[in-house]
Amino acid sequence: MTEPKMDLTKEQSPPRYLVDKFRKDDKIDGRRKTSFEEYHNGQFGALKETDAEVYGLIKKEYQRLQNNIELLAAENQCSPAVLAALGSVVQNKTAEGFPGARFHGGCEVIDDVERLAIDRAKEAFGTRYANVQPHSGTGANHIVITAVLEAGDKILGLSSEQGGHYSHGDAVSLTGRFFDVENYYLDKKTFLLDYDAIRDKAVKVKPKLIICGASAYVRTIDFKKFRAIADEVGAYLLADISHISGLVMAGAHPSPVEYAHFITTSTYKPGGPRGGLILMGKEYDKNIKIQGKDMPLWKRIEDTTFPGVQGTPYLNHIAAKAVFFKEMLSDEYRNRQFKIIENAKKLAAVLADLGLDVLTKGTDNHMVLINAGNSRQGLTGVTAQKCLEECGITVDKMRLPYDEKAPAITSGIRLGTPIVTRNGMGTEQMQSIARLIDAVLKRVEIISETEYRINSSFREQVKAEVAGLCDSFAMR
Ligand code: DSN
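Calculation rules
- Residues numbered from 1 in each chain as written.
- Predicted model: local features only at pLDDT ≥ 70, side-chain atom pairs only at ≥ 80, totals over all residues.
- Heavy atoms only, no water.
- Helix = DSSP H or I, 4+ residues; strand = E, 2+ residues; numbered from the N terminus.
- Buried < 20%, exposed > 50% of the residue type's maximum accessible area, 1.4 Å probe, protein only.
- Areas by Shrake-Rupley, 256 points an atom, 1.4 Å probe, with all protein chains shown as cover.
- Lys, Arg positive; Asp, Glu negative; His and termini not counted.
- Charge placed at Lys NZ, Arg CZ, Asp CG, Glu CD.
- Near = heavy atom within 4 Å.
- Polar contact = N/O pair within 3.5 Å; in protein donor to acceptor, adjacent residues only side chain to side chain.
- 1 Å grid on protein atoms, 1.4 Å probe; cavity = no way out; pocket = protein on both sides within 12 Å on 5 of 7 lines; lining within 4 Å.
- Sits in = over half its atoms within 2 Å of the grid points.
- Points joined across faces, edges and corners; volume = space filled by probe spheres on them.
- Patch = residues over 30% accessible without salt bridge, like charges linked within 9 Å, V, L, I, M, F, W, Y side chains within 5 Å.
- Salt bridge = Lys/Arg side-chain N within 4 Å of Asp/Glu carboxyl O.
- Pairing = 2+ DSSP bridges.
- Contact = heavy atoms within 4.5 Å.
- Axes fitted to C-alpha atoms, helices over the stretch in contact; angles between N-to-C directions.
- Core = buried A, V, L, I, M, F, W, Y, C linked by side-chain atoms within 4.5 Å.

Draft legend 1. Geometry of the overall build of the protein. Counting its regular elements, the protein contains 19 helices and 19 strands. Each principal axis of the C-alpha distribution contributes one length, and for the protein these read about 90 × 60 × 50 Å. Per-residue burial for the protein yields a buried fraction of 50% across its 476 residues. Of the accessible surface of the protein, which amounts to about 23,400 Å², a share of 51% is contributed by carbon and sulfur atoms. The distance from the centre of the 63 positive side-chain charges to the centre of the 62 negative ones in the protein is 0 Å.

Written out as structure tokens, the structure reads:
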């Protein structure tokens, strides 16, 4: 049957069958507008009603966090204010591009949100440029690396087997697949960065980009020395400060802002929402010639962010970053960064006194590395992690420099003090935690590299002490 032709220049009445359908369905009504608070406050009620399973798991995770001592160096705890921004309607906005130059409509509010986040990031870190769009720290590294390098160009970075990050050029990362990667290594005896050896390697391999920053390095990084090496060989310097960015921002660790061309960090490790950040100091508008074009570095970074590597930024995360950067600027946040280090130093000192092998005999930052195998014959990183976890203490197994154990086994564990410090613990509690860790690691019965047994009444005794600490220093 041929459809009757409609003259679109004339007003039409709806076809009869549609009128009848609407009459039949006229129970489909609208919904009155709810207030902003009403809309957002109902979130967990809505989740429980829609998906009791996920609701239950989230609740379980909340309870796990409340009842364990979280000693993870790569984790932190954001504030309820940051969580509120993450769970807001802002998450619905599609807005490719940058403030004032978007590909989508309706961006006037979101542009203000992003501008606020940028201004606060610049103020917090004392930089000339901030890009708040990267979805993660790894993503921020991918953006910088692909912005300044052509396929096949050379990167010099710390080996991922010694604390370097995968995104710094590891073979399993796209950075290792598309660029020519050379590694520098820690000194075999001291486990410290050997700047002379790094310089010699840089002179020999002539990288276009040098990356500094680590996931498992407990001592101060000398960014000035790295810049001198980069200048000598004509390389860009990228400082990935993900682990120490809170300390850097507060002045508790020297800042790379004066020295590095690019600084990257994840935003959750210092205590904000998941996401990444790219910062630049005085060289933000230095010229780069790439693919036959001249442009300022900041513009190259933006073009590489979108459309180069990402699409729409996560605007709810950007709103949450803005909230977090405001928190960072508070005295409470700055003071806490110094306490984080004080606590890590205490934890390291007590563990060393109790006979554990603490790498470099201490720490300058938030992290403590322990060689479990050297601390007790037969103990591995993975068994240490598992038996501590069973007793309510969460740590990471960690491959140590020159570790002979497989990555899934490891010789070491990595501890970190950001979360316990956030929840109000001080050096007295670090002493108690160190004693509990030592007691568990001494008491556990080692069966193999991955298996152990722990006496159940001893485990319950440790868990009760952990619960006591968690009750007095609850999540905030
Ligand atoms: N950098 C990793 C870690 O330290 O565990 C996380 O990205």
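Draft legend 2. Local environment of the site of the ligand. In the neighbourhood of the ligand, the contacting residues comprise A74, H165, S215, H243, Y268, K269 and R414. Note that an oxygen atom of the ligand is positioned 2.6 Å from one of the side-chain N or O atoms of H243. Take K269: an N or O atom from its side chain is 3.5 Å from an oxygen atom of the ligand. Its atoms largely coinciding with the cavity grid, the ligand occupies the second largest pocket.

Draft legend 3. Summary view of empty space enclosed by the protein. For the structure shown, the criterion picks out six cavities of 30 Å³ or more. Along the walls of the largest cavity sit 14 residues, with L65, N68, N423, C470 and F473 positioned nearest its centre. Listing elements by their share of the lining of the largest cavity, those giving two or more residues are α4 (52-67), β1 (69-70) and α17 (418-422). Taken as a whole, the second largest cavity holds about 90 Å³ of empty space.

Draft legend 4. Expanded view of a nonpolar patch on the surface. A cluster of nonpolar side chains, contributed by F44, V54 and I58, occupies part of the molecular surface with about 260 Å² of accessible area. Mapped onto the secondary structure, V54 falls in helix α4.

Draft legend 5. Unusual backbone geometry, seen in detail. Omega for the peptide link from F306 to P307 comes to 5 degrees, which places this bond in the cis form. Assignment of secondary structure puts P307 in helix α12 (residues 297-309). Located in the positive-phi region is T360, a residue other than glycine, with phi close to 60 degrees. With respect to the element layout, T360 can be found in the loop between β13 (357-358) and β14 (367-371). For T410, which is not a glycine, the phi torsion comes out positive at approximately 65 degrees. Here T410 shows up in the loop between β16 (396-398) and β17 (412-416). Here T410 falls in the buried class, since its relative accessible area comes to 1%.

Draft legend 6. Region of interest: the sheet that holds β13. Spatially, β13-β14-β17-β16 is the arrangement adopted by the four strands of the open sheet, whose pairing is antiparallel. In this open sheet, the two edge strands, each paired with only one partner strand, are β13 and β16. As judged from the three bridges shared by β16 and β17, these two strands associate in the antiparallel manner. The residue of β17 that forms the bridge with K397 is I413. Relative to β14, helix α14 (residues 331-353) is tilted by about 20 degrees, and along the sheet it contacts β13, β14 and β17.

Draft legend 7. Representation of the environment of V466 within the structure. Assignment of secondary structure puts V466 in helix α19 (residues 456-472). Note on V466: relative accessible area 1%, which makes it buried. Put simply, V466 and V109 are 357 residues apart on the chain and 45 Å apart in space, counted from C-alpha to C-alpha.

Draft legend 8. Summary view of the environment of V382. Structurally, V382 can be placed in helix α16 (residues 381-390). Each C-alpha atom of the pair V382 and I409 lies 5.2 Å from the other, and the pair is 27 residues apart in sequence.

Draft legend 9. Spatial organisation of the nonpolar core. Grouped together as the largest cluster of nonpolar side chains are 59 residues, with contacts concentrated most on L193, I210 and F226. In terms of residue count, the dominant contributor to this core is helix α13 (residues 315-328) (eight residues). Listed in part, the 39 residues of the second largest apolar core include I69, L71, I433 and I454.

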